[in-house]
Amino acid sequence: MFTSQTSSFQESIDVDERDVDFDNEEIAGFSQKIQQINSYYAIYYYQNTSLTLLDASLPSDAEPELRSYISRRLSKGALLGGMGNIATVELSIPEQAVGCYCCLLEQEKSPEQPEADGNGWVVCLLGGSEKGLNLFRIELDKYVQGLQGCLTPEMHNLETDVRPYLNQWYEESVMHIHRVVQLLQGNVGYLLHAALSHKLVEVTGTDEKTEADVARFIKAASLQGLVQEDTTTASLCKAMSEDSHTNLIINYSTSPPTLTNEVSNRFCDDWIQAFLNAAERFNPFLLRQILENFKLKAIQDMNNLKRFIRQAEMSHYALFRCCLFLQSCGNGDVLLQNARAEHSSFPEACGIINVLEEFLGEQAQGTLY
């Protein structure tokens, strides 16, 4: 039983880079760095089924090819207002085939300008691969929506606002996880544990960009919205916020950063090297895939614990199996924290959880769980 669990866990860590290698280059070795991925953008004004180029960072040969592709998508109704669409496009650029995120931002409708109905702007962000960009769909949607308030048909603010904003899409929407791992290095396990256990993270001694990077890392690593425990998550977050002594504090005024109230476990620590290896290869898409695998494994373990608790209410042997599972998974503190909040209104389950917590407490006196 536990041999298969260990194998499954190792498989979740061992991401095949060829599945998330977004430069289409041959892999010579895991430790070898890859070149930073090129990124491009283009923005068009869409009016009466025609596209007018406003700005692009693409080579001159590639832009008409992209415009033709976008025109075909629009004619088929494949671009809906405010909804990003990701696909692979082949252009006259060094990468030839790249991932392309496209979003139609519709012009605000008004009685004074009825002719503007259906008009808008098409924003294209290109780089990496389709699979890679899909990992950052939420970030890309949010980033492009940030343009909505400063777009006009005349685009007088192109050089002052729009172009600088679009030039930063890759750094702002994709690279934040990489920056956090590079700064924290081996301490990233504490951040992973904080995300799973709903612990608040305070960042001091640095700029707003780094604070935002850490906040987005925590959000990306959190299981909120992925498990059926909305009220549980809310109650846990409220309880953790009321106890400021448990907050993880990261002080960036020192090098390396200093952490206070840091807590981790074997489960989170086992993932550290995978994150460091991906960061060394400068592959943000691989980093995000590893983060998604980390969350998936945590969810699988939570579901296993729920099943064991239900079985343990009727069988002492199932309770024993539950103890063995918590001992082997290395994430017992987080799993029991979530289980207690979720089963707070079920006396029998709470009794089982009390026994499990006592068991882990005894185990922790000899070894970390």
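First things first, this report covers the structure right here in the doc. Since we're looking at a predicted model, the values are computed, not measured.

Observations regarding the sheet that holds strand β7 (residues 248-251)
Here comes step 1: With mixed pairing, 3 strands are arranged side by side in an open sheet as β6-β7-β8. In this open sheet, the two strands that pair with only one neighbour each are β6 (201-204) and β8 (258-260). The average undirected angle you get between the axes of adjacent strands in this sheet is 20°.
Here comes step 2: Of the strands in this sheet, β6, β7 and β8 are in contact with helix α8 (residues 188-196), which crosses β7 at around 145°.

Let's talk about the nonpolar core
Here comes step 1: Residues Leu305 and Leu356 are the most contacted members of the largest nonpolar core, which totals 87 residues.
Here comes step 2: Among the elements that make up this core, the one with the highest residue count is helix α12 (residues 284-312) (13 residues).
Here comes step 3: Residues contacting Leu305, with those up to four places away along its chain left out, are Cys322, Phe325, Leu326, Leu335, Leu336, Ala339 and Leu356.
Here comes step 4: Tyr40, Val98, Cys124 and Leu126 belong to the second-largest nonpolar core, a separate cluster that totals 23 residues.

Thoughts on the environment of Gly127
Here comes step 1: Topologically, Gly127 is positioned in strand β5 (residues 120-127).
Here comes step 2: Remark: the alpha-carbon pair of Gly127 and Glu95, spanning 32 residues in sequence, is separated by 8.8 Å.
Here comes step 3: In contact with Gly127, other than residues within four places in its own chain, are Ile37, Asn38, Val98, Gly99, Leu133 and Trp169.

Brief notes about helix α4 (residues 137-145)
Here comes step 1: Within the sequence span of α4, burial applies to Glu139, Leu140, Tyr143 and Val144. Buried residues of α4, viewed axially, fall in a sector of 125°; they line one side. Looking at α4, the residues exposed on the side facing more than 90 degrees away from the buried face are Ile138 and Lys142.

Notes on the sheet that holds strand β4 (residues 97-106)
Here comes step 1: The strand order β2-β1-β5-β4-β3 describes an open sheet built from 5 strands, whose pairing is antiparallel. Edge positions in the sheet fall to β2 (50-56) and β3 (85-90), since each has one partner strand and no second. Strand-to-strand twist across the sheet, computed as the mean angle between neighbouring axes with direction ignored, equals 30°.
Here comes step 2: Two elements, β3 and β4, share 6 bridges in a ladder whose sense is antiparallel. Looking across to β4, one finds that Glu90 is bridged to Ala97.
Here comes step 3: Along the sheet face, α4 touches β3, β4 and β5 and points at about 45° away from the line of β4.
Here comes step 4: Packing against the sheet, helix α5 (residues 158-167) makes contact with β1 (39-47), β2 and β5, and its axis sits at approximately 130° to β1.

A closer look at the pattern of salt bridges
Once the charged atoms of two side chains with opposite charge are near each other, the side chains can pair.
Here comes step 1: The final tally for this structure, using the stated rule, is 10 salt bridges.
Here comes step 2: Between Glu172 and Lys209 there is a salt bridge whose closest N-O contact spans 3.7 Å. Of the two residues, Glu172 is situated in helix α6 (residues 169-173) and Lys209 in helix α9 (residues 208-221); the sequence distance between them amounts to 37 residues.
Here comes step 3: Notably, a salt bridge pairs Asp301 with Lys297, separated by 3.5 Å at the nearest N-O pair. Here Asp301 and its partner Lys297 are both found in helix α12, 4 residues apart, which amounts to about one turn of the helix.
Here comes step 4: For Asp301, a relative accessible area of 2% puts it in the buried group.
Here comes step 5: Judged by its relative accessible area of 8%, Lys297 is buried.
Here comes step 6: Among the charged side chains, a salt-bridge network with shared partners connects Glu139, Arg288, Glu292 and Lys295.

Examining helix α13 (residues 316-329)
Here comes step 1: Here α13 spans 20 Å end to end across 14 residues, near enough to the 20 Å set by a 1.5 Å rise per residue.
Here comes step 2: For α13, the full list of buried residues reads Ala318, Leu319, Cys322, Cys323, Phe325, Leu326 and Cys329. Angular distribution of buried residues about the axis of α13 spans 160°; they occupy a single face of the element. More than 90 degrees from the buried face of α13, the exposed residues found are His316 and Tyr317.
Here comes step 3: Looking one or two residues past α13, Gly330 carries a phi angle of roughly 75°, positive in sign.

As for the packing of α13 against helix α14 (residues 332-342)
Here comes step 1: Contact geometry of α13 with α14 gives a least axis separation of 8 Å together with a crossing angle of 130°. Between α13 and α14, the crossing angle belongs to the class labelled oblique. Where α13 abuts α14, its residues Phe325, Leu326 and Cys329 lie against Gly332, Leu335 and Leu336.
Here comes step 2: Taken together, the residues that form the contact of α13 with α14 break down as 5 nonpolar, 1 polar and no charged.

Basis of the calculations
Numbers given to residues run from 1 along each chain, matching the order in which its sequence is written. Totals for whole chains, interfaces and linings use all residues, but because this is a predicted model, local features are given only for residues with pLDDT of at least 70 and pairs of side-chain atoms are given and counted only at 80 or more. In computing side-chain values, all of the structure's heavy atoms are included and hydrogens and water are not. Strand pairing is defined by DSSP finding a minimum of two bridges between the two strands. Only DSSP runs of H or I with at least four residues qualify as helices, and only runs of E with at least two residues qualify as strands; both kinds are numbered from the N terminus onward. Fitting a line to C-alpha atoms yields each axis, with helices limited to the stretch in contact; the angle taken between N-to-C directions then spans 0 to 180 degrees. Any pair of residues with heavy atoms lying within 4.5 Å of one another is described as a contacting pair. For our purposes a nonpolar core is just a set of buried Ala, Val, Leu, Ile, Met, Phe, Trp, Tyr and Cys residues, chained together by side-chain atoms within 4.5 Å. Whether a residue is buried, partly exposed or exposed follows from its accessible area with a 1.4 Å probe, protein chains only, as a fraction of its type maximum: under 20%, in between, or over 50%, in that order. Summarising the geometry, the arc corresponds to the directions from the helix axis toward the C-beta atoms. Criterion for a salt bridge: a side-chain nitrogen of Lys or Arg within 4 Å of a carboxyl oxygen of Asp or Glu. The length a helix should cover is 1.5 Å for every residue beyond the first. Orientation labels follow simple angle bins: below 35 degrees gives roughly parallel, above 145 gives roughly antiparallel, 65 to 115 gives roughly perpendicular, and whatever is left gives oblique. In this classification, Asp, Glu, Lys and Arg are treated as charged, Ala, Val, Leu, Ile, Met, Phe, Trp, Tyr, Cys and Pro as nonpolar, and every other residue, Gly included, as polar.

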